[in-house]
2 protein chains.
Amino acid sequence: MPHCHTLIAALRQQGCRLTPQREMIVEALAHGGCHMTAEEVLEIVRQKTQAVNITTVYRTLDLLVERGLATRTDLGEGRIVYATIRHGPHLHLVCRCCGRVIEADASLLALLGETIHDRYGFTPQLEHIALYGVCRECNETRNT
Amino acid sequence: MPHCHTLIAALRQQGCRLTPQREMIVEALAHGGCHMTAEEVLEIVRQKTQAVNITTVYRTLDLLVERGLATRTDLGEGRIVYATIRHGPHLHLVCRCCGRVIEADASLLALLGETIHDRYGFTPQLEHIALYGVCRECNETRNT
DNA sequence: TTCCTTGCAAAGGCTTTGCACACCG
DNA sequence: CGGTGTGCAAAGCCTTTGCAAGGAA
């Protein structure tokens, strides 16, 4: 897991203390997919030890986001997900039917971002956004 | 306020009972902008009477959404906003700095929607979506 | 030793639910 | 009158905060 070592080194460089909890949380996040909730991170860590509290998970994830090492995306409907920066920009396609999350290429948004900037003077943060809709499978099920 | 009469008529047609509370809530939503929280709807209704409860506002707004007369958009960060269907499709540009919400033309998204559909088989619901970023004013303030 | 981190419990904010009473149709 | 709608209070859910104890450096 070379990536999580990078993150841990970065934390140390920034003057943050390294604790077993932080290491495990970073490792869990680095192992996981592109969108993990705090609860999911905790579950993975709990496979190793019970000695981590959900509060610490939240605090560590926030720390990573503050330090620019992770991103936080609000998928709406109470779902807040985190990912390490290694998981580059992407677009979350969230199915309202089955809850599945598809990761799409964020470059699809580049043109949109420019247009919005030109027209409204608004600079959208398009690194990790979520769009709701219905996935292929659910669409097919519906029409059956 | 012809629009709220249409909505009220539609509710009645669908077999819903008309109460003073429902009428006032519908009227408030129709008067308001394109993104009102339940709390904001309540405030407007309260200018007329104290005899409405936030619970009823939530229930009525949910009713309108169920019946297809209003939309519900989760702007993230706990902000859920409602609008009547008369407020056609639009894009919410939410400033992370000042919280301001700019309404943009939803047609900007049409091409994106098609591309996503073709490439991922995912049908995005682009009627009322939210994008986060920084507005022109906050950008200028930052650079001063 | 210093003071950053952690865990626990409790608070917070927003939304939903249970239940008895009210009132529309 | 029957059954839907309302208000109140309380519960739920996820996240944050306060505070004392623990442990990294």
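These notes cover the structure that comes with them. Predicted model, so just to flag it, every value in this text is computed and none were measured.

## Focus on the nonpolar core
For soluble globular proteins, nonpolar side chains are generally found buried alongside one another.
Link 1 in the chain: By size, the foremost hydrophobic cluster in this structure holds 33 residues, and its most contacted members are Leu91(A), Leu93(A), Ile116(A), Leu91(B), Ile116(B) and Leu131(B).
Link 2 in the chain: Looking at this core, the elements that each hand over two or more residues are strand 3 (90-95), strand 4 (101-105), helix 5 (110-120) and strand 6 (128-134) of chain A together with strand 3 (90-95), helix 5 (110-120) and strand 6 (128-134) of chain B.
Link 3 in the chain: Apart from the residues within four sequence positions on either side, Leu93(A) is in contact with Arg100(A), Val101(A), Ile102(A), Ala104(A), Leu131(A), Ile116(B), Tyr120(B) and Phe122(B).

## Considerations on the packing of helix 2 (residues 20-31) of chain B against helix 3 (residues 38-46) of chain B
Residues and elements named next belong to chain B.
Link 1 in the chain: One way to put it is that helix 2 packs onto helix 3 with a least axis distance of 9 Å and a crossing angle of 110°. As summarised for this structure, helix 2 and helix 3 are arranged roughly perpendicular, according to the angle between their axes. Relative to helix 3, helix 2 is oriented so that their crossing is right-handed. For the pair helix 2 and helix 3, contact is made by Met24, Ile25, Ala28 and Leu29 and by Val41, Ile44 and Val45, respectively.
Link 2 in the chain: Of the residues assigned to the contact of helix 2 with helix 3, the class counts are seven nonpolar, no polar and no charged.

## Looking at the pattern of salt bridges
Link 1 in the chain: Counting across every chain of the model gives six salt bridges over all chains.
Link 2 in the chain: A salt bridge links Lys48(A) to Glu27(A); its shortest N-O distance comes to 3.4 Å. Highlighted residues: Lys48(A) in the loop between helix 3 (38-46) and helix 4 (54-66) and Glu27(A) in helix 2 (residues 20-31), separated in sequence by 21 residues.
Link 3 in the chain: Under the relative-accessibility criterion, Glu27(A) is labelled partly exposed at 24%.
Link 4 in the chain: Between Arg100(B) and Glu137(B) there is a salt bridge, and its shortest N-O distance comes to 3.7 Å. In this pair, Arg100(B) sits in the loop between strand 3 and strand 4 (101-105) while Glu137(B) sits in helix 6 (residues 136-142), placing the two residues 37 residues apart along the sequence.

## Topic: the protein's contact with DNA strand C
Link 1 in the chain: Near DNA strand C, the surroundings consist of 19 residues, among which Thr19(A), Ala51(A), Thr56(A), Arg59(A) and Tyr58(B) are the closest.
Link 2 in the chain: Backbone sugar and phosphate groups make up 66% of those atoms of DNA strand C lying within 4 Å of the protein.
Link 3 in the chain: The contact in question runs from a base oxygen of DNA strand C to an N or O atom on the side chain of Arg17(A), over 3.1 Å.
Link 4 in the chain: If you list the elements that add at least two residues to the surface near DNA strand C, you get helix 2 and helix 4 of chain A together with helix 4 (54-66) of chain B.

## Topic: the relation of the copies chain B and chain A
In summary, the two copies of the chain are related to each other by a rotation about an axis coupled with a shift along it.
Link 1 in the chain: Placing chain B over chain A gives an RMSD of 0.2 Å and needs a rotation angle of 179°, together with 0.1 Å of translation along the axis. Read as a symmetry element, the transformation amounts to a two-fold axis. Among all C-alpha atoms of chain B, that of Gly76(B) lies closest to the rotation axis, at 2.5 Å.
Link 2 in the chain: Take the interface residues of chain B: 100% of them recur as interface residues in chain A, which is what a same-surface contact looks like.

## Concerning the side chain of Thr71(A)
Link 1 in the chain: Within the secondary structure, Thr71(A) sits in strand 1 (residues 70-76).
Link 2 in the chain: Excluding its chain neighbours within four sequence positions, the residues that come into contact with Thr71(A) are Val65(A), Val81(A), Tyr82(A), Ala83(A) and His128(A).

## Quick look at the protein's contact with DNA strand D
Link 1 in the chain: Of all residues adjacent to DNA strand D, which total 18 residues, the nearest are Tyr58(A), Arg17(B), Thr19(B), Ala51(B) and Thr56(B).
Link 2 in the chain: Within 4 Å of the protein, the contacting atoms of DNA strand D are 61% sugar and phosphate, with bases supplying the remainder.
Link 3 in the chain: One nitrogen or oxygen atom from the side chain of Arg22(B) is found 2.9 Å from a phosphate oxygen belonging to DNA strand D.
Link 4 in the chain: Secondary structure elements with two or more residues in the surface near DNA strand D: helix 4 of chain A together with helix 2 and helix 4 of chain B.
Link 5 in the chain: Here the surface near DNA strand D gets four residues from one element, more than from any other, and that element is helix 4 of chain A.
Link 6 in the chain: Along the lines of polarity and charge, the residues of the surface near DNA strand D split into five nonpolar, six polar and seven charged.

## Quick notes on the interface of chain B and chain A
Link 1 in the chain: Across the contact, 35 residues belong to chain B and 35 residues belong to chain A.
Link 2 in the chain: Overall, the association of chain B and chain A removes approximately 2700 Å² of surface from exposure, summing both partners, and the carbon and sulfur fraction of that is 63%.
Link 3 in the chain: The tally of links between chain B and chain A comes to zero salt bridges.
Link 4 in the chain: At the surface where chain B touches chain A, the tally comes to 14 residue pairs in polar contact (both at pLDDT 80 or more).
Link 5 in the chain: Mapped by element, the contributors of at least two residues to the side of chain B that touches chain A are strand 1 (70-76), strand 3, strand 4, helix 5, strand 5 (123-124), strand 6 and helix 6 of chain B.
Link 6 in the chain: Sorting elements by how many residues they give to the side of chain B that touches chain A places helix 5 of chain B first, with six residues.
Link 7 in the chain: Residues belonging to the side of chain B that touches chain A are distributed by class as follows: 20 nonpolar, eight polar and seven charged.
Link 8 in the chain: Judged from the two bridges that link them, strand 6 of chain A and strand 5 of chain B form a sheet pairing that is antiparallel. Bridging across to strand 5 of chain B, Gly133(A) finds its partner in Pro124(B).

Thresholds applied
- Residues numbered from 1 in each chain as written.
- Chains lettered and ligands numbered in written order.
- Predicted model: local features only at pLDDT ≥ 70, side-chain atom pairs only at ≥ 80, totals over all residues.
- Heavy atoms only, no water.
- Core = buried A, V, L, I, M, F, W, Y, C linked by side-chain atoms within 4.5 Å.
- Buried < 20%, exposed > 50% of the residue type's maximum accessible area, 1.4 Å probe, protein only.
- Helix = DSSP H or I, 4+ residues; strand = E, 2+ residues; numbered from the N terminus.
- Contact = heavy atoms within 4.5 Å.
- Axes fitted to C-alpha atoms, helices over the stretch in contact; angles between N-to-C directions.
- Parallel < 35°, antiparallel > 145°, perpendicular 65-115°, else oblique.
- Left-handed = near helix turned anticlockwise from the far one by under 90°.
- Nonpolar A, V, L, I, M, F, W, Y, C, P; charged D, E, K, R; others polar.
- Salt bridge = Lys/Arg side-chain N within 4 Å of Asp/Glu carboxyl O.
- Near = heavy atom within 4 Å.
- Polar contact = N/O pair within 3.5 Å; in protein donor to acceptor, adjacent residues only side chain to side chain.
- Least-squares fit on C-alpha atoms with pLDDT ≥ 70 in both.
- Buried area = accessible area lost by both parts, 1.4 Å probe.
- Pairing = 2+ DSSP bridges.

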